[in-house]
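The residues making up each chain are set out below.
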Amino acid sequence: MKIADVATLCVLGWATASAAGQNDTGAYEGNTKPLDIRLFHSLNRAGPAVVSPDSKKLLFTQSHYDQDENETATYISVVDVVSGATSRLTPDIVGQSYTNPLWFDDQTFGYVHNGSLYQQQLKGGVNGTAVYKPAVSFSSVAYRQGYLTFVASVYPNTTSLKESKKWGDLEKKKIDSAQLFDDLWVRHWDEWMTLKKPNVFAVPVNQTSKRDDDDEGYEGYEWTVGNEVNLMKGLPAFHDPLIRWSAEEYTVDKQGRNVAFVVRNPSDDMSSKTDVDIYLVPINGTSNPTLLTGNVSGIAGGPAFSPDGKRLAWLQMETPAYESDINRIYVHDIDAGSTISVSRDWNLSPMGLLWSADGKAIYIVTGDKGNNVVYAVDVATGRRQRLTERGTASGVRLLGSDKLVLMHSDQDKCTNIHVLDPDKKAMRQLTDVNRRKLSGIYVGSAEDFWFEGARGDQVHGWLVKPPGFDAQKKYPLAYIVHGGPQQHNAHGFSYAQWNPNMYASAGFVTVQINFHGSSSYGQNFTDSIARQWGGYPYDDLMKGLDHVLATYGFVDPKRMVALGASYGGYMMNWFNAQTDRFAALVCHDGMFSTPAFWYSTEELWFPEHDFGGVPYNSEARRNYEEFNPERFAANFSTPTLFIQGAKDFRLTVEQSLAPFTLLRRKGVQARLMYFADENHWTTHTGNSVRWYTEVFRWISEHTNTTLPYELEL
């Protein structure tokens with residue numbers, strides 16, 4: 001495209017996908033007020049868009065946290081695709097939640113509130129009325145051609161939701177709380193295994209008449225609701241709590257004929273296998289589900305029907321017992337019963353699928369050099385075309401026959417709804433949900449750099465500078481190490497604990513590096529971390545730090561701190577064992593003993609893959625011990641803040657208690673922040689406020705840094 005064409009598009013509100021990111025970038029960078037802890041947690045968070053049948057309007061949720069009330073409000077808004085005009089449709093009340101927006105028709109939308117599905121007219125001044133309230137809690141509600149589909153956790157062999165509820169009531173009356181287990185997989189993430197499992201249900205619904213009740217200010221449809229059908233009937237007891245590979249990941253074809261869902265097959269040792277399957281079932285439940293992935297033992301996910309409902313695509317890993325294998329694109333012809341793999345020469349791993357309106361292409365979201373971008377893949381030829389550049393795309397949906405709607409963000413740009421023209425590779429921002437709250441607030445962009453890391457490979461990183469930056473001054477450094485480890489830092493806006501702008505606003509030059517093992521740089525780069533946990537990544541991080549100090553003279557080498565969670569927490573312990581370059585460390589749910597990790601974690605396939613077996617095998621034991629921080633306990637001398645959730649079954653409490661005990665017993669300053677109600681993540685917003693408060697207190701004290709605002713707690 002010529003430069004003149006780009007300029008014309010910008011005038012019309014469009015820009016090329018790369019220029020769009022640059023155009024939005026820096027909107028807050030010239031500001032000087034810091035993004036403080038209270039403001040950060042109050043920011044509005046926009047959910048993915050739900051496109052109306054006529055493609056003229058989009059529903060989406062917005063949520064925000066009130067720190068004084070320690071409550072969140074979630075409500076539903078509608079935005080006009082052409083003008084961008086946005087209107088709130090449900091109440092914005094702290095402590096109340098209106099979620100799961102869906103369309104019944106162009107003028108009637110639905111939502112879930114207080115355990116019921118409601119319908120409401122778009123026109124103002126009307127009230128919603130209940131359509132359906134199941135006997136148990138439900139989620140992931142969809143409407144297609146006279147059917148509601150949803151997910152509910154029920155007891156096995158129950159014939160209805162009401163019967164399952166009765167079982168639950170009886171459970172509460174038991175005189176004991178004992179659970180008995182004869183096989184592994186006794187718990188996962190933050191829940192112990194129970195009899196109740198998530199299942200996909202379908203319920204026929206019909207609009208029987210239109211109702212006009214002026215007294216209630218309501219105009220809409222009366223509905224008749226049939227009996228729910230468990231679409232997973234006939235399958236044996238299976239699955240996990242609602243985390244990863246859940247039946248929540250289901251999809252319904254546009255015609256309302258078939259449902260595809262994801263489920264783990266049961267086995268006597270689910271802790272060492274990653275066999276996750278795709279099933280297909282008629283929406284009316286007239287036959288049992290059909291297994292589509294029986295010939296492969298890796299993880300399957302992300303099912304997506306073609307527009308005509310005749311084909312089903314999904315993402316398929318092909319290596320058993322490896323959760324970070326490359327995702328392949330599979331396409332299944334439903335009538336023929338045949339499956340093909342598309343674009344197998346690709347070295348990037350897709351994260352999401354969406355068919356084009358004509359069924360000739362599949363739109364893919366994938367990590368690509370620290371960005372999460374959109375590609376179009378030709379189904380017939382496998383040819384790929386990149387549609388977006390810098391930033392993070394997610395929640396991609398079709399908009400009419402030739403446009404896409406998606407969520408997009410960057411380090412200096414909160415997540416908002418955008419419209420993408422795939423033909424022109426042009427993107428237009430449709431919402432700006434934090435424009436008022438961020439007025440005058442500094443949100444800095446990330447400056448990329450590359451350097452030679454382990455194996456002589458080029459390694460990617462970036463830094464974010466503090467507000468009011470002066471290159472003549474010296475600044476403390478916050479070195480954030482990502483978890484996974486087979487994940488990546490991304491150019492995107494995070495609402496969690498690792499947003500680099502939060503550290504920059506606290507006065508720190510903030511650096512992130514995608515070391516060996518990170519995704520988005522090709523599968524070989526990702527796979528290279530196996531048996532190298534403290535090897536290649538540590539080399540990258542030390543060489544990256546050398547590069548930063550040599551390149552950016554404004555970084556003070558005597559005032560550096562490092563922070564990380566999960567694998568990043570492991571690396572904090574490895575730093576403590578291997579280097580004294582940092583004034584202080586922050587270790588969130590980290591790993592201290594690699595052999596002990598195998599004995600206490602729930603996903604055994606993870607250490608068995610990355611360390612080459614089980615720790616009681618002498619050959620594999622050498623792999624565990626080579627990069628075991630505990631083996632170097634005598635070297636630990638850096639003050640460390642340890643953070644641990646009691647419900648973390650991935651890295652249990654002992655992995656934080658042990659190094660905390662070690663440092664305190666040696667007389668080294670250390671602190672333990674313990675959350676009794678958190679898992680591997682910090683999910684409660686009030687806890688996140690305290691998390692940031694204690695972290696900033698710790699790193700500022702150990703770097704002699706004066707924070708630009710007062711800590712409230």
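Located above this text is the structure these notes cover.
Here the structure is a predicted model, which means the values were calculated and not measured.

All right, on to the environment of T208 then. In this structure, T208 sits in strand β15 (residues 197–213). T208 sits in the partly exposed class, given a relative accessible area of 46%. Separated by 211 residues in the primary sequence, T208 and V419 have C-alpha atoms spaced 36 Å apart. Ignoring anything within four residues of it in the chain, the contact list for T208 reads E222, W223 and T224.

You can see K166 is positioned in helix α4 (residues 161–172). Taking the C-alpha atoms as reference points, K166 and Y155, 11 residues apart in sequence, are found 9.8 Å from one another.

Here the focus is the sheet that holds strand β24 (residues 328–333). Read from one edge of the open sheet, 4 strands run β22-β23-β24-β25, paired in antiparallel fashion. Only two strands of the sheet have a single neighbouring strand rather than two, namely β22 (300–305) and β25 (338–342). Shown here is a sheet whose adjacent strand axes are inclined to one another by a mean of 25°, direction ignored. Judged from the 5 bridges that link them, β24 and β25 form a sheet pairing that is antiparallel.

With that settled, consider the nonpolar core. The biggest cluster of nonpolar side chains holds 73 residues, and the ones touching the most others in it are V511, M571, F575 and F582. Residues within four places of V511 in sequence aside, it is in contact with F449, W462, L463, L477, A478, Y479, I480 and V548. Membership of the second largest hydrophobic core comes to 36 residues, among which are Y65, C414, I480 and M502.

Next up on the list: the side chain of Q486. The topology assignment puts Q486 in the loop between β36 (475–481) and α5 (500–505). Relative accessible area serves as the criterion here: at 10%, Q486 is assigned to the buried category. Looking at Q486, its side chain comes within polar contact range of the side chain of D610, at 3.1 Å.

Turning next to the pairing of strand β12 (residues 147–154). Within β12, 6 of the 8 residues are buried, which leaves the element mostly enclosed by the surrounding structure. As paired elements, strand β11 (residues 139–144) and β12 share 4 bridges and run antiparallel to each other. Residue pairing across strands places A142 opposite T149, the latter belonging to β12.

Okay, empty space enclosed by the protein next. A water-sized probe, rolled over the atoms, reveals where empty space remains. Within the structure shown, the criterion is met by 3 cavities of 30 Å³ or more. Volume-wise, the largest cavity comes out at about 50 Å³. If you go around the largest cavity, the residues you meet are G484, W533, S566, Y567, Y570, M591, F597, F606 and L651. Of the residues in the lining of the largest cavity, the class split is 7 nonpolar, 2 polar and no charged.

Residue P485 follows G484 across a cis peptide bond; omega there is 0°. With respect to the helices and strands, P485 occurs in the loop between β36 and α5. The phi angle at S140 is positive, at roughly 50°, despite the residue not being glycine. Here S140 falls in the partly exposed class, since its relative accessible area comes to 25%. Its identity is not glycine, yet R531 carries a phi of approximately 60°, on the positive side. With respect to the secondary-structure elements, R531 resides in the loop between α6 (523–527) and α7 (536–551). Judged by its relative accessible area of 40%, R531 is partly exposed.

Let us look at helix α11 (residues 618–626). Among the residues of α11, A620, N623 and Y624 are the ones counted as buried. Angular distribution of buried residues about the axis of α11 spans 100°; they occupy a single face of the element. Along α11, the residues that are exposed and aim more than 90 degrees away from the buried face are S618, E619 and R622. Lining the buried residues of α11 we find α9 (594–600) and α10 (605–610). Capping the start of α11 is the job of one residue whose side-chain oxygen sits 3.0 Å from the backbone nitrogen of E619: N617.

What follows covers the packing of α7 against helix α8 (residues 567–578). For the pair α7 and α8, the least separation of the axes is 11 Å and the interaxial angle reads 75°. Considering their axes alone, α7 and α8 lie roughly perpendicular with respect to each other. Contacts from P537, Y538, L541 and M542 in α7 reach Y567, M571, W574, F575 and Q578 in α8. Looking at the contact of α7 with α8 residue by residue, the class counts come to 8 nonpolar, 1 polar and no charged.

Now for the sheet that holds strand β41 (residues 670–675). Read from one edge to the other, the open sheet built from 8 strands follows the order β34-β35-β37-β36-β38-β39-β40-β41, with strand pairing classed as mixed. Pairing within the sheet leaves two strands with one partner each, and these edge strands are β34 (447–452) and β41. Strand-to-strand, the axes of this sheet are offset by a mean angle of 20°, without reference to chain direction. Bridging between strand β38 (residues 555–565) and strand β39 (residues 584–588) involves 5 bridges; their strand directions are parallel.

Analysis parameters
- Residues numbered from 1 in each chain as written.
- Predicted model: local features only at pLDDT ≥ 70, side-chain atom pairs only at ≥ 80, totals over all residues.
- Heavy atoms only, no water.
- Helix = DSSP H or I, 4+ residues; strand = E, 2+ residues; numbered from the N terminus.
- Buried < 20%, exposed > 50% of the residue type's maximum accessible area, 1.4 Å probe, protein only.
- Contact = heavy atoms within 4.5 Å.
- Pairing = 2+ DSSP bridges.
- Axes fitted to C-alpha atoms, helices over the stretch in contact; angles between N-to-C directions.
- Core = buried A, V, L, I, M, F, W, Y, C linked by side-chain atoms within 4.5 Å.
- Polar contact = N/O pair within 3.5 Å; in protein donor to acceptor, adjacent residues only side chain to side chain.
- 1 Å grid on protein atoms, 1.4 Å probe; cavity = no way out; pocket = protein on both sides within 12 Å on 5 of 7 lines; lining within 4 Å.
- Points joined across faces, edges and corners; volume = space filled by probe spheres on them.
- Nonpolar A, V, L, I, M, F, W, Y, C, P; charged D, E, K, R; others polar.
- Arc of directions from axis to C-beta.
- Parallel < 35°, antiparallel > 145°, perpendicular 65-115°, else oblique.

Read these as spatial facts, not as claims about activity.
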